[in-house]
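# Breakdown of the fold
Chain by chain, the residues run as shown.
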Amino acid sequence: MDSAAPATLPDDPSWPQDLRTLVARGEPRRYRKGTLLIQEGDVGETLFIVLSGRVKSFSTDDRDREIVYGVYGPGEYLGEMSLDGGPRSASVITLEATVCSVVTRKTLREHIAANPEFAFELISRVIRRARLATQSARNMALLDVYGRVTRLLDELAQVQADGTRLIVERLTHADIASRVGCSREMVSRLLKDLEQGGYISVDAGRFHLAPTLPPRW
């Protein structure tokens, strides 16, 4: 269930002014955790700009196996790939209570007409996502499961003052499996080996990593 949300702009000064202007043009909506914003294959004409909360972009097959393309938070927007009138290329679901500014294609076109530079921002965002998709396909083809798992952990980790690394996002083994394209059992086995080797530890659902993980296992 979604509902109207207060039309408040983000306070983060790092947000570009033209994006803040577009947020103001959209309709603020509040969504509960687990709300499906976008269904893969549907035809839609709306762009979702995340103001608070987190959402996940993913696909599933006929056996409900899931592959996750990314998790996005405030300042990110989704749905731009279908603004050409084509079907949605992925599904998007909220991972927690989330507020979005919902922008129609008509409103987006008016915004671009008034702020032509935003067209370059939109194109740049699409290109970045295409590059990430290419990198993901390359990893799936060229890296083994261990390589894909450790690359994901490395990408998510933040260096701490003591030289160790922390993944702030709480990840389950199933989350990791869906992001790297393998079974949860395989992830559990690899993480158990790394934990026994002293390379990772888990505290309150968060992963602590050694400064480097072994290149092979």
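Before reading on, note that the structure itself is shown above.
Reading the values: the criteria
Residues numbered from 1 in each chain as written. Predicted model: local features only at pLDDT ≥ 70, side-chain atom pairs only at ≥ 80, totals over all residues. Heavy atoms only, no water. Buried < 20%, exposed > 50% of the residue type's maximum accessible area, 1.4 Å probe, protein only. Helix = DSSP H or I, 4+ residues; strand = E, 2+ residues; numbered from the N terminus. Pairing = 2+ DSSP bridges. Phe/Tyr/Trp six-rings, centres within 6.5 Å; stacked < 30°, edge-to-face > 60°. Lys NZ or Arg CZ within 6 Å of the ring centre and 35° of its normal. Axes fitted to C-alpha atoms, helices over the stretch in contact; angles between N-to-C directions. Parallel < 35°, antiparallel > 145°, perpendicular 65-115°, else oblique. Left-handed = near helix turned anticlockwise from the far one by under 90°. Contact = heavy atoms within 4.5 Å.

## With respect to the pairing of strand β4 (residues 46-52)
- With five of seven residues buried, β4 lies mostly within the body of the structure.
- As defined by bridge partners, β4 adjoins strand β9 (residues 98-104) across six bridges and the pair is classed as antiparallel. What sits directly across from F48, in β9, is V102.
- When β4 meets strand β7 (residues 77-78), the two strands line up antiparallel, connected through two bridges. The residue bridging F48 from the neighbouring strand is L78, located in β7.

## Section: the packing of aromatic side chains
- Tallied over the entire structure, the rule returns two aromatic pairs.
- Here Y77 and F118 contribute two aromatic rings whose centre-to-centre distance is 6.3 Å and whose plane-to-plane angle is 45°, an arrangement assigned as tilted. One end of the pair, Y77, is in strand β7; the other, F118, is in helix α3 (residues 117-142), and 41 residues separate them in sequence.
- Since its relative accessible area comes to 1%, F118 is described here as buried.
- Between the NZ or CZ atom of K56 and the centre of the ring of F58, over which it lies, the distance is 5.3 Å.
- Directly above the ring of Y72 sits R129, whose terminal nitrogen or CZ lies 4.7 Å from the centroid.

## Structural notes on the packing of helix α4 (residues 145-156) against helix α6 (residues 184-196)
- Running from N to C, α4 and α6 cross one another at 70°; their axes reach a closest spacing of 11 Å. By the criterion of interaxial angle, the relationship of α4 to α6 is roughly perpendicular. Considering only the axes of α4 and α6, their crossing is right-handed. In this structure, α4 uses V145, Y146, V149 and L153 to contact α6, whose residues at the interface are M186, V187, L190, L191 and L194.

## As for the environment of L209
- Tracing the chain through its elements places L209 in strand β13 (residues 206-209).
- L209 sits 14 residues away from E195 along the chain, and the two C-alpha atoms are 9.4 Å apart.
- When near neighbours in sequence (up to four residues on either side) are disregarded, L209 contacts L153, A157, T164, R165, I167, Y199 and I200.

## Observations regarding the sheet that holds strand β10 (residues 158-159)
- Ordered in space as β10-β11-β13-β12, the four strands form an open sheet in which the pairing is antiparallel. Every other strand in the sheet has two partners, leaving β10 and β12 (200-203) as the edge strands with one partner each.
- Where strand β11 (residues 165-167) and β13 come together, three bridges link them in antiparallel fashion. Of the residues in β13, the one forming a bridge with R165 is L209.
- α4 contacts β10, β11 and β13 of the sheet and is inclined by roughly 95° relative to β11.

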